[in-house]
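Results of the structural survey
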Amino acid sequence: MKTREEALAWGLSFPEVYQDAPFHDTNWVLVRYKKNRKAFLWTYEYQGQMRINVKAAPEWRDFWRNAFASVIPGYHQNKEHWNTVILDGTVPDEDVKQMIAESYDLIAGKKGSR
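Everything in this summary refers to the structure shown in the same document.

Calculation rules
In this convention, every chain numbers its residues from 1, walking through the sequence in written order. Where totals are concerned, whole chains, interfaces and linings use all residues; where local detail is concerned, this predicted model gives features only for residues with pLDDT of at least 70, and gives and counts side-chain atom pairs only at 80 or more. To get the side-chain values, take all heavy atoms of the structure and skip hydrogens and water. Numbered from the N terminus, helices here are DSSP runs of H or I no shorter than four residues, and strands are runs of E no shorter than two. Throughout this description, buried means an accessible area under 20% of the type-specific maximum (1.4 Å probe, protein chains only), exposed means over 50%, and partly exposed covers the range between. Only when DSSP finds a minimum of two bridges between them are two strands counted as paired.

**Here's the deal with the environment of Met-99**
- Assignment of secondary structure puts Met-99 in helix H3 (residues 93–108).
- With 96 residues separating them along the chain, Met-99 and Thr-3 place their C-alpha atoms 16 Å apart.

Written out as structure tokens, the structure reads:
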């Protein structure tokens, strides 16, 4: 997964979600859960790289960061709860999808939706 479109398409495939651009900066496009309006997927370009921010459970946060150099503490978010994934192709698509799914589950209060 290397593009915003791919990340958004996967994020929008979850139940009860919608796309949002809440800032006066079109670079930031989010996917939110309808019932509580919380964002679980943030997409943006930074330093010439497409990136996503996803919420991570504490027991998985460090696992992902240690597994891939392109998973770093969440940019502009609480570093304890959010990871940034640089979409440079070094993280397999299935792992990116799993991180987005885990973020959705945390925001939506679900366990193992996918």
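**A word on unusual backbone geometry**
- Positive phi values are uncommon outside glycine, yet Arg-37 reaches one of about 60 degrees.
- Positive phi values are uncommon outside glycine, yet Gln-47 reaches one of about 50 degrees.
- By the secondary structure assignment, Gln-47 is in the loop between strand S3 (39–46) and strand S4 (49–55).

**Points about the pairing of strand S2 (residues 29–33)**
- Burial analysis of S2 places five of its five residues in the buried class, the great majority of the element.
- Here S2 shows two buried faces, one formed by Val-29, Val-31 and Tyr-33 and the other by Leu-30 and Arg-32.
- The pairing of S2 with S3 spans four bridges and is antiparallel. Directly across from Arg-32, in S3, lies its bridge partner Ala-39.
- Hairpin remark: S2 followed by S3, antiparallel, with five residues in the connecting loop; positive phi at Arg-37, about 60 degrees.

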